[in-house]
Amino acid sequence: MSTTTTRGVAQPAPAKVSKTRPRRGLRANSTFNFWLFTGPFLIGLVIFVFVPIGWSIWLSFFEARFTVTPSEFVGFDNYKQILTDANFRNSLVTFTVFAAFIVPATWALSLGLALLVNRLRFMRAFFRSVFFLPTAVSYVAASLIWKMSIFNGVRFGLANTVLGWFGVENIAWLANPDPPWYWLVIVTVRLWLQSGFFMILFLAALQNIPQELYEAAAIDGAKRGWQTFRHITLPQLRATSTAVILLLLIAAYQAFDEFFNLLAKATWGQPPLVELYKMALGQNQNYGAGSAGAVVLTLLICVVTLFQGKIMGFGRGEESK
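Residues numbered from 1 in each chain as written. Predicted model: local features only at pLDDT ≥ 70, side-chain atom pairs only at ≥ 80, totals over all residues. Heavy atoms only, no water.

Engineer: Please set out the overall build of the protein residue by residue, giving values where relevant.
Structural biologist: Across its full length, the protein carries 13 helices and two strands. A buried classification covers 33% of the 321 residues belonging to the protein. Restricting to contacts in the protein with at least 6 residues of sequence separation, those with at least 24 account for 65%. (Helix = DSSP H or I, 4+ residues; strand = E, 2+ residues; numbered from the N terminus. Buried < 20%, exposed > 50% of the residue type's maximum accessible area, 1.4 Å probe, protein only. Contact = heavy atoms within 4.5 Å.)

Dropping the structure here:
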């Protein structure tokens, strides 16, 4: 060991500090693992979402009949055609009626189920699973069950059988638009399919409400029930309610399976997506006009979503409410 002399006293030389190199292998492995897990998702997102969206926007400016590789540029003619089409405008009216029924009904039913399940003291997981199970059912399968077994329009159908017990004649639920009994069929099947999912969202929000709020309300003399629900529970569910309503509106715009399977041959009561399907994949196969309609519908969904979020204060902090 080497020594140094300080004022005649031998001192050991200071040890050399070794410079440790960063372990690049660990950092490289983290980056590799990140792309390994997210890469397939990103590739699928680009191929199946972004590329079709860009292709639809590009097709909407071309004359594209029976081909997806057109060469004749028509500008905004496809947009003029779709906006002046009577069937497309009527489909927007159909959506308005459908949304007026399904959005508040699903919101109320989902919240009611969440409140009931949240108050249970036993078998809560069982009932939560039972109400959530319809979410896993295909929209096509559920629509066919509603059409062929429950509301089939003959006396052997479940709905007409129950009504027959009270002396009510058979009702042709899906045969004609006057009276519009088909709305009952469409709304009930969508309620059965959607309510369980949104119940889970409300249930999670209810479990995050601090119990101290209810205890303080009880000390102040607030009665359990409607008074507590109105002044404590409902305000605490504002963010969840806003998200649920936005999701319901978007889902209503995208309604297709139940309408197509329940009213396949009908010329009335069709939503925008069914009209676009007939236009793009029907006899004319006008992909240009169908793409223009898809772009218009997408912009309409964005505008409605932003407007609804602005009204209900979606994304604002607690201090700004």
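There's more to say after this.
Engineer: I'd like a rundown of the packing of aromatic side chains, residues and numbers included.
Structural biologist: Taken as a whole and assessed by the stated rule, the structure comprises 24 aromatic pairs. Ring centres 6.1 Å apart and planes at 40 degrees place the aromatic pair Phe101 and Trp183 in the tilted group. Taken together, the residues Phe101 in helix H3 (residues 86–119) and Trp183 in helix H7 (residues 182–207) connect sequence positions 82 residues apart. Residue Trp183 is classed as buried on the basis of its relative accessible area, which comes to 11%. (Phe/Tyr/Trp six-rings, centres within 6.5 Å; stacked < 30°, edge-to-face > 60°.)

Engineer: Describe the packing of H3 against helix H12 (residues 272–281), and please don't skip the residues or the numbers.
Structural biologist: Two elements in contact, H3 and H12, have axes separated by 8 Å at closest approach and are oriented at 155 degrees. Regarding the angle of H3 to H12, the classification is roughly antiparallel. On H12, the residues touching Asn87, Phe88, Ser91, Leu92 and Phe95 of H3 are Pro272, Glu275 and Leu276. Here the residues of the contact of H3 with H12 sort into five nonpolar, two polar and one charged. (Axes fitted to C-alpha atoms, helices over the stretch in contact; angles between N-to-C directions. Parallel < 35°, antiparallel > 145°, perpendicular 65-115°, else oblique. Nonpolar A, V, L, I, M, F, W, Y, C, P; charged D, E, K, R; others polar.)

Engineer: Can you break down the environment of Gly196 residue by residue, with the values?
Structural biologist: Along the chain, Gly196 falls in helix H7. Classification of Gly196 by relative accessible area gives buried; the value is 3%. As for Gly196 and Leu133, which are separated by 63 residues in sequence, their C-alpha atoms are 7.2 Å apart. Dropping the residues within four chain positions of it, Gly196 is found in contact with Phe131, Phe132 and Thr135.

Engineer: Please set out unusual backbone geometry residue by residue, giving values where relevant.
Structural biologist: Glycine aside, a negative phi is what most residues show, and trans is what most peptide bonds show. A cis geometry characterises the amide bond from Asp178 onward to Pro179, with omega recorded as 0 degrees. Its place among the elements puts Pro179 in the loop between helix H6 (158–165) and H7. The backbone of Phe66 sits at a positive phi, close to 65 degrees, despite the residue not being glycine. Structurally, the position occupied by Phe66 is in the loop between helix H1 (24–59) and helix H2 (77–83). One non-glycine residue, Met123, lies in positive phi territory at about 60 degrees. Positionally, Met123 belongs in the loop between H3 and helix H4 (124–132). Residue Met123 is classed as partly exposed on the basis of its relative accessible area of 45%.

Engineer: Break down the UniProt feature "transmembrane region" (unreviewed entry) in the protein for me, citing the residues and quoting the values.
Structural biologist: Within this structure's numbering, the places UniProt gives as "transmembrane region" (unreviewed entry) are residues 32–58, 92–118, 125–146, 181–206, 237–256 and 287–307. As a span, residues 287–307 carries 100% helix and 0% strand, and end to end its C-alpha atoms are 30 Å apart. (UniProt positions renumbered as here; feature names shortened; annotations may be inferred.)

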